[in-house]
Structures are given as structure tokens and as C-alpha cells.
Amino acid sequence: MMPLEALIFDVDGTLAETEELHRQAFNSTFRAFWLDWKWDQALYRDLLKVTGGKERIRHYIQNWNPPGSDAAISKVNELHAEKTARYAALVNKREASPRPGILRLITEAHETGLPIAIATTTTPDNVVALLQSMLGDNAESWFSVIAAGDMVPAKKPAPDIYRWALEKLGVDAKHCVAFEDSFNGVQSARQAGIAVVATPSLYSSEDDFSQATSILSDLGEPDRPNKYVAGRRFKKDYVDLAGLQAFVAAG
Ligand code: XBP
Ligand code: MG
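About the criteria used
- Residues numbered from 1 in each chain as written.
- Chains lettered and ligands numbered in written order.
- Predicted model: local features only at pLDDT ≥ 70, side-chain atom pairs only at ≥ 80, totals over all residues.
- Heavy atoms only, no water.
- Helix = DSSP H or I, 4+ residues; strand = E, 2+ residues; numbered from the N terminus.
- Rg over C-alpha atoms; globule rule 2.2 N^0.38 Å.
- Contact = heavy atoms within 4.5 Å.
- Areas by Shrake-Rupley, 256 points an atom, 1.4 Å probe, with all protein chains shown as cover.
- Lys, Arg positive; Asp, Glu negative; His and termini not counted.
- Charge placed at Lys NZ, Arg CZ, Asp CG, Glu CD.
- Near = heavy atom within 4 Å.
- Polar contact = N/O pair within 3.5 Å; in protein donor to acceptor, adjacent residues only side chain to side chain.
- Nonpolar A, V, L, I, M, F, W, Y, C, P; charged D, E, K, R; others polar.
- Domains from an automatic or database assignment.
- Buried < 20%, exposed > 50% of the residue type's maximum accessible area, 1.4 Å probe, protein only.
- Pairing = 2+ DSSP bridges.
- Right-handed = clockwise from strand over helix to strand, strands pointing away.

**Student:** Hey, could you run me through the overall build of the protein in this one?
**Tutor:** Helix and strand content of the protein: 10 helices and seven strands. For a compact globule of 251 residues, the expected C-alpha radius of gyration is about 18 Å, and the protein comes in at 18 Å, within 12% of that figure. When contacts within the protein are restricted to residue pairs at least 6 apart in sequence, long-range pairs at least 24 apart make up 63% of them. Accessible surface, the protein as shown: approximately 11300 Å² in total, 49% of it carbon and sulfur. Averaging the locations of the 27 positively and 33 negatively charged side chains of the protein gives two centres separated by 2 Å.

The structure is reproduced here in C-alpha cells:
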């Protein structure tokens, strides 16, 4: 049986439903910079196709040409730094709650000594803020590798961030499982050769998950079963390390 050597988690939408907080942070930043821009939920769903906050702002300016664009285009880094601070403040108020099964699975891996890692397009500061709010002050130390934001130039759906995480972990892609909530995330992990458990989130529910190895409603809990959607099946109606060992062996 092929051993399971590491778990790699996406952040936004996978660990917690964070995108409403990101959206709120973008909008309050625009107001603080006297920009009359407002990203409503429908627009944000569309803008999420572009991964990375700086890239998303730039894409919005270039494609929507909103009032103030000319001055704003040279201030994207400034806008994004302010957005990052505002997002962290929201997370520190514990406004993001973990998705089902996440704390249980991360805790099981931590207690068993199975390496866990992060692969995300969001900023490292945001990852730390979220992990601390979910798992406590030393949460970063639970993770062998935190691959985030601009550590690689090409963001998801490019496989670079997963490849970077694999290299730092020193493990073979075939011995890992990635957890993702979006089309871009699934593409990124699959192109790096990693099996993916996809758990669609609020903003990604309409995404194409056909490349995922397994699609589940969420990771579930023993007293709160998840729903199987498609792909490789788990014996139980929640995801634990025993189930993931079998999942990897089946690849
Ligand atoms: C989600 C993203 C991020 C966040 C915003 O990435 O695309 O850009 O929406 O965060 P993932 P930043 O699911 O891979 O974590 O503004 O820090 O980019
Ligand atoms: Mg995500």
C-alpha cells in the first residue's frame, strides 16, 4: 500500500468560508481611498476567476475602467496592503469559522505527526491570521510548509505553488492529498500530479470540478455526515486519515 506522506490544504473557501471577508475588506479599502467602487456578490463571483488580490484589482481596473482608474492603477500595491490589514482585522475578530471536518482532520494529522502544508494564492499574513484564529497562537508551527501569495510568480491555476510546496516537503506528489474548493485550485494541484479532494464553497459552487479525484460536500464529522458528489469514494461519510490512506492507495 502506498504510504500517505503529507496533506496540503488550500486556504480560502477550503479551511473556512473567507471570501465574504475578503470582499468586505476590498470594499472598505476602496472607500478609504475615496474610490467609488463596490464589488457586489455577483461581480465578486466573476472576479474570483482571477486568483490573487493584486491581480484581481488590476483585472477590475483594466476590464471595467471604473472612475479613478488612471490614478488607481499605480497604487495597486498600496490598495492591496491596506486590504490585507483590513482582512486580518476581520479574521482576528473571529469572523471566519472553519468548514466541517477541517479542525478534526488537521488535529488528527498533527497528533499523528503526518506533515501538513498550505498552498494558497492569498498573502502569508492572511494565512497566519486565519490559522491562529482557528487553531490558536502557535498554529503556524503545526505546518511544515506554508506556500503562499507571491512566493511563486504564477498563481493558481498554474501548478507552481503546489510544486514549490512538494519540493519543500520533500515528498512525491503521488503520496500526497490536496484539499481544494475551486476550479483554479483543482487545476493547480492536479497539474502538479496530486490527488484532490474538492469541497465546493459558497462562491465556487458553480465551478467545474471534473478534474478533482473526489468531490464531497465537505469533510464531514462523525456526527455530521458529508455528502458524496462524484469521483473516488470514501468508506465513511467523513474524511479521516484512515480514509485518506485508502484514497491514496487507490491511485
Ligand atoms: C483565494 C484567492 C485570494 C483571496 C484574496 O485563494 O484567490 O486571492 O481571494 O486574498 P486560495 P489576497 O483559495 O488559493 O487561498 O488578496 O491576499 O490575494
Ligand atoms: Mg480556495
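**Student:** Can you walk me through the site of ligand 1 in this structure?
**Tutor:** Around ligand 1 sit 20 residues in total, of which Gly 53, Arg 56, His 80, Thr 120 and Thr 123 are the nearest. Between ligand 1 and the protein, one listed contact pairs an oxygen atom with a side-chain N or O atom of Thr 123 at 2.6 Å. Summarising the interface, the protein chains cover 96% of the accessible area of ligand 1, which totals 450 Å² for the free molecule. Among the elements of the structure, helix H1 (19-32), helix H3 (53-64) and helix H5 (76-92) are those that each provide at least two residues to the shell around ligand 1. With three residues, H1 is the single largest residue contributor to the shell around ligand 1. Grouping the amino acids of the shell around ligand 1 by side-chain chemistry returns four nonpolar, 10 polar and six charged. Split by domain, the shell around ligand 1 shows at least three residues from each of two domains, domain 1 (6-16 + 97-249) and domain 2 (19-92).

**Student:** Any chance you could explain the pairing of strand S5 (residues 195-198) here in plain terms?
**Tutor:** Working note: regular strand, side chains alternate between the two faces of the sheet. Side chains of S5 alternate between two faces, with Ala 195 and Val 197 and Val 196 and Ala 198 buried alike. As judged from the four bridges shared by strand S4 (residues 176-180) and S5, these two strands associate in the parallel manner. Within the sheet, the bridge partner assigned to Phe 179 lies in S5 and is Val 197. In terms of handedness, the path from S4 via helix H9 (residues 183-191) over to S5 forms a crossover that is right-handed. In this sheet, strand S6 (residues 214-216) lies alongside S5 in parallel orientation, the contact comprising two bridges. Across the sheet, Val 197 pairs through a bridge with Ser 214, a residue of S6.

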